Amino acid sequence: MTVLITGANRGIGLALAKQAAARGNAVIGTYRSFPGRERGIDWQALEVSDQASQRTLADRLGGQPLSLIVCNAGIYKDGGQTLESGFAPQLWDETFAVNVKGVFLTVQTFLTNVRAGKGKIAIISSQMASDTRAPGGSYIYRASKAAALNLGRNLSADLKKEGIPVGIYHPGWVRTDMGGKHADIDVADAADGLLARFNALTLANTGCFETWDGRTHPY
Ligand SMILES: NC(=O)c1ccc[n+]([C@@H]2O[C@H](COP(=O)([O-])OP(=O)(O)OC[C@H]3O[C@@H](n4cnc5c(N)ncnc54)[C@H](OP(=O)(O)O)[C@@H]3O)[C@@H](O)[C@H]2O)c1
């Protein structure tokens, strides 16, 4: 089993990479600038928003079969901003380039490898993607994660006929640089729960939007 995880040098991605490797999987962990230090992970450079960077990694992997890709890399930069002065156009561009285009390019670029491995695709979105749970604020991040959820839902429809399941996940509110130190759960619990969800992902539940601890999340 070979797993590719984007944004694996810190946070949830690193915890996923470490636990997946500890369970005997071969793990390709991607980083943007600074590779993780953990041994047992194949560290590879990848800027998810850049097609040339995606192609460079794809060329390096060649036709290597992948059993799972986890689109985890993401940014959240508009927390706490106000309608009066926040949400600059540049921030929309930057966030959508990573959280939406980055997810799509990753799936598109490594689809051949997933096909070869009869693998699965996991997209880390957020409960902040939900239209049902919409408390306001963080417009850019919420819209980007809603778009990532939408991508996952439509990819699941297209890839079902090929036998490739696609799941979309809320990892919990997790104590990372992004989640902050007052978040609910630590990265090890988030990763443990997410890996169980990925294991349970099949064609029967493809297109699911689930939380790290196995609850179905309203779209
Ligand atoms: N933490 C939470 O409570 C929470 C809740 C819901 C959803 N999520 C989602 O879970 C995922 C992981 O979050 P986290 O809390 O682990 O965040 P984090 O600690 O901020 O880590 C983000 C990771 O994404 C990478 N990344 C960012 N932009 C990138 C780019 N353009 N190309 C490649 N890699 C890039 C970062 O690399 P660098 O080190 O180079 O910056 C880092 O490895 C994200 O998609 C996030 O939206 C998190």
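Residues numbered from 1 in each chain as written. Predicted model: local features only at pLDDT ≥ 70, side-chain atom pairs only at ≥ 80, totals over all residues. Heavy atoms only, no water.

**Regarding the layout of surface pockets**
Taken as a whole, the largest pocket holds about 910 Å³ of empty space. Lining the largest pocket are 38 residues, with N72, G74, I75, T176 and M178 positioned closest to its centre. Elements with a minimum of two residues in the lining of the largest pocket: α1 (11–22), β2 (26–31) and α4 (139–160). A per-class count over the lining of the largest pocket returns 16 nonpolar, 15 polar and seven charged. Here the second largest pocket is characterised by a volume of approximately 220 Å³. In this structure, the second largest pocket is lined by 14 residues; those nearest its centre are M1, V3, N25, L68 and N199. Looking at which element gives the most residues to the lining of the second largest pocket, the answer is helix α5 (residues 187–200), with three residues. For the lining of the second largest pocket, a count of residues per class yields six nonpolar, five polar and three charged. (1 Å grid on protein atoms, 1.4 Å probe; cavity = no way out; pocket = protein on both sides within 12 Å on 5 of 7 lines; lining within 4 Å. Points joined across faces, edges and corners; volume = space filled by probe spheres on them. Helix = DSSP H or I, 4+ residues; strand = E, 2+ residues; numbered from the N terminus. Nonpolar A, V, L, I, M, F, W, Y, C, P; charged D, E, K, R; others polar.)

**Some points on the packing of α1 against α5**
Contact geometry of α1 with α5 gives a least axis separation of 8 Å together with a crossing angle of 65°. Here α1 and α5 pass one another in a crossing that is right-handed. Counting all contacts with α1, which are made through G11, I12, A15, L16, Q19 and A20, the residues of α5 involved are V187, A188, A191, D192, L194, L195 and F198. Split by residue class, the contact of α1 with α5 holds 10 nonpolar, two polar and one charged. (Axes fitted to C-alpha atoms, helices over the stretch in contact; angles between N-to-C directions. Left-handed = near helix turned anticlockwise from the far one by under 90°. Contact = heavy atoms within 4.5 Å.)

**Re the environment of K118**
Relative to the helices and strands, K118 is located in the loop between α3 (89–116) and β5 (120–124). By relative accessible area, which is 74% here, K118 ends up exposed. Separated by 52 residues in the primary sequence, K118 and L66 have C-alpha atoms spaced 7.6 Å apart. (Buried < 20%, exposed > 50% of the residue type's maximum accessible area, 1.4 Å probe, protein only.)

**Some words on unusual backbone geometry**
The phi dihedral of F87 falls on the positive side, at around 60°, and the residue is not glycine. Assignment of secondary structure puts F87 in the loop between β4 (68–71) and α3. F87 gets classed as buried once you look at its relative accessible area, which sits at 11%. Residues other than glycine seldom take positive phi values, yet S138 does so here, at roughly 45°. Along the chain, S138 falls in the loop between β5 and α4. Relative accessible area serves as the criterion here: at 7%, S138 is assigned to the buried category.

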